[in-house]
Structures are given as C-alpha cells and as structure tokens.
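Observations on the model geometry
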Amino acid sequence: MNRIQRNFIGLALTLTAICSATWAQVPLLKVGDPSPKIAINDQHDKPWSIPADTKLVLFSGSRNANTLVQSILSQKNSDYLSSKKVVYFSDLSKMPGFITRTFALPSMRDLPYSVGIVLNAEESQSWPREEDAVTAVFLSQGRISKIEYIKNAELLQQTLDQY
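Not measured: the values here are computed from a predicted model.

Definitions and cut-offs
Residues numbered from 1 in each chain as written. Predicted model: local features only at pLDDT ≥ 70, side-chain atom pairs only at ≥ 80, totals over all residues. Heavy atoms only, no water. Helix = DSSP H or I, 4+ residues; strand = E, 2+ residues; numbered from the N terminus. Buried < 20%, exposed > 50% of the residue type's maximum accessible area, 1.4 Å probe, protein only. Pairing = 2+ DSSP bridges. Contact = heavy atoms within 4.5 Å. Axes fitted to C-alpha atoms, helices over the stretch in contact; angles between N-to-C directions. 1 Å grid on protein atoms, 1.4 Å probe; cavity = no way out; pocket = protein on both sides within 12 Å on 5 of 7 lines; lining within 4 Å. Points joined across faces, edges and corners; volume = space filled by probe spheres on them. Nonpolar A, V, L, I, M, F, W, Y, C, P; charged D, E, K, R; others polar. Phe/Tyr/Trp six-rings, centres within 6.5 Å; stacked < 30°, edge-to-face > 60°.

1. Overview of the environment of Asn 77
Topologically, Asn 77 is positioned in the loop between α2 (63-73) and α3 (80-83). Once the C-alpha coordinates of Asn 77 and Tyr 113 are considered, the two residues, 36 residues apart in sequence, prove to be 8.1 Å apart.

In structure tokens form, the structure reads like this:
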C-alpha cells in the first residue's frame, strides 16, 4: 500500500468517526413529533420546504431509493405530487460534489416535479432511513402519524394512491 492510499484510508476513517459522532447526537424523527421543518433548495436551486398542509413526505437517502421514487413519478404529470399534498426530497450529500454538479443535478432538472435536494448531510441527519428504502413520513394535524420504509414500486404506488 503506497503512502497516498494509506493517507486516503486514514482520512476516510477519520471522517467516518466524525460523522458517526455527529449523527449519534441528533435524535431521529418519530411518530408524535411535530411536522418536520427543513429548508433546502430544489433541483433548480429554488427554496424548497415542507408546506403546512403536506400529508406525506417521501425521502430518499440512497441512489436506489431515489431510482424507486423516480420510476413511479416519471409516469405522472407535473402537478401529481402537489395535488396529493405530497412532497419529495433526496439526500445527495454522500455523492462527490463533482458528480452531483456535473451529472445528478442536470439530469434532475429535467424532472417535471420539484425535488428537494440535500447537499449537506446535517440537513437530513434526523430523518430515519433504511438501506435502499424510501422513507414515507405521514403527517396529520401538524404531527407525524406514521413512518414506513418502502422498498418496491408497487408499495410506493399503493402509498401514493391513498391520497
């Protein structure tokens, strides 16, 4: 192993330890909590937040989860989410910045619906997630009423059909 590889591994381990310590200090959202607040930008760099009348928040914390959501939403019209009082945001913070700016964001700008974009991991650290699953946070009367993890297109469509 050469010196560059050793330095890279050391840096990666240090960053992992720092991130783990930071994440451990922030409590995850849970049923009964007030509707979550997040102020980020969408794929067009316009402000994005969760409106007060939102009934469902979809969150993807991984590429596979993002692909799952897009597989459903790509078949819908541009006002599909807003008509159902549903919002969607995706955490791209683990993606290298060059890849995000050069490939991910330009391709997401072609989407007909708004996607909140997390570029800083701290902005989504309180959001619960499971590997390769879309986190569905159900809201009722200003509070979180249920949290589910969706891992297939059929279940995601059924969830959206409820609204």
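2. Let's talk about the pairing of strand β6 (residues 134-140)
The buried count for β6 comes to 6 of 7 residues, which makes it a mostly enclosed element. Looking at chain direction, strand β3 (residues 56-60) and β6 are connected through 5 bridges and run antiparallel. Bridge pairing in β6 links Val 57 to Val 137. Here 7 bridges tie β6 to strand β7 (residues 143-150), and the two strands are oriented antiparallel to one another. Each residue of the ladder has a partner; that of Ala 136, found in β7, is Glu 148. Once β6 ends, the chain turns through 2 residues before running back antiparallel as β7, passing Gln 141 with a positive phi of about 50°.

3. Section: the sheet that holds β3
Spatial ordering of the open sheet is given by β2-β1-β5-β4-β3-β6-β7, a layout of 7 strands whose pairing is mixed. Since the sheet does not close on itself, it has two edges, and those belong to β2 (47-48) and β7, each with one partner. Note that strand β1 (residues 40-42) and strand β5 (residues 116-118) share 2 bridges and pair antiparallel. Looking at the pairing, Asn 41 lines up with Ile 117 of β5. The strands that α2 touches are β3, β4 (86-91), β6 and β7; relative to β4, the one it contacts most, it runs at about 145°.

4. Structural notes on the layout of surface pockets
In this model, the largest pocket occupies a volume close to 380 Å³. Forming the boundary of the largest pocket are 15 residues, of which Arg 63, Asn 66, Leu 92, Met 95 and Ala 104 lie nearest the centre. Looking at the lining of the largest pocket, the elements that each hand over two or more residues are α2, β4 and α4 (97-108). For the lining of the largest pocket, a count of residues per class yields 5 nonpolar, 7 polar and 3 charged. In this structure, the second largest pocket encloses a volume near 240 Å³.

5. With respect to the packing of aromatic side chains
Using the criterion set out here, one finds 6 aromatic pairs in the structure. Seen in terms of ring centroids, Trp 48 and Phe 89 are 5.5 Å apart; in terms of plane orientation they differ by 45°. Their pairing is tilted. In this pair, Trp 48 is assigned in strand β2 and Phe 89 in strand β4, connecting sequence segments 41 residues apart. Here Trp 48 and Phe 89 have matching classes, each one buried.

The quantities given are spatial measurements derived from coordinates; they are silent on function.
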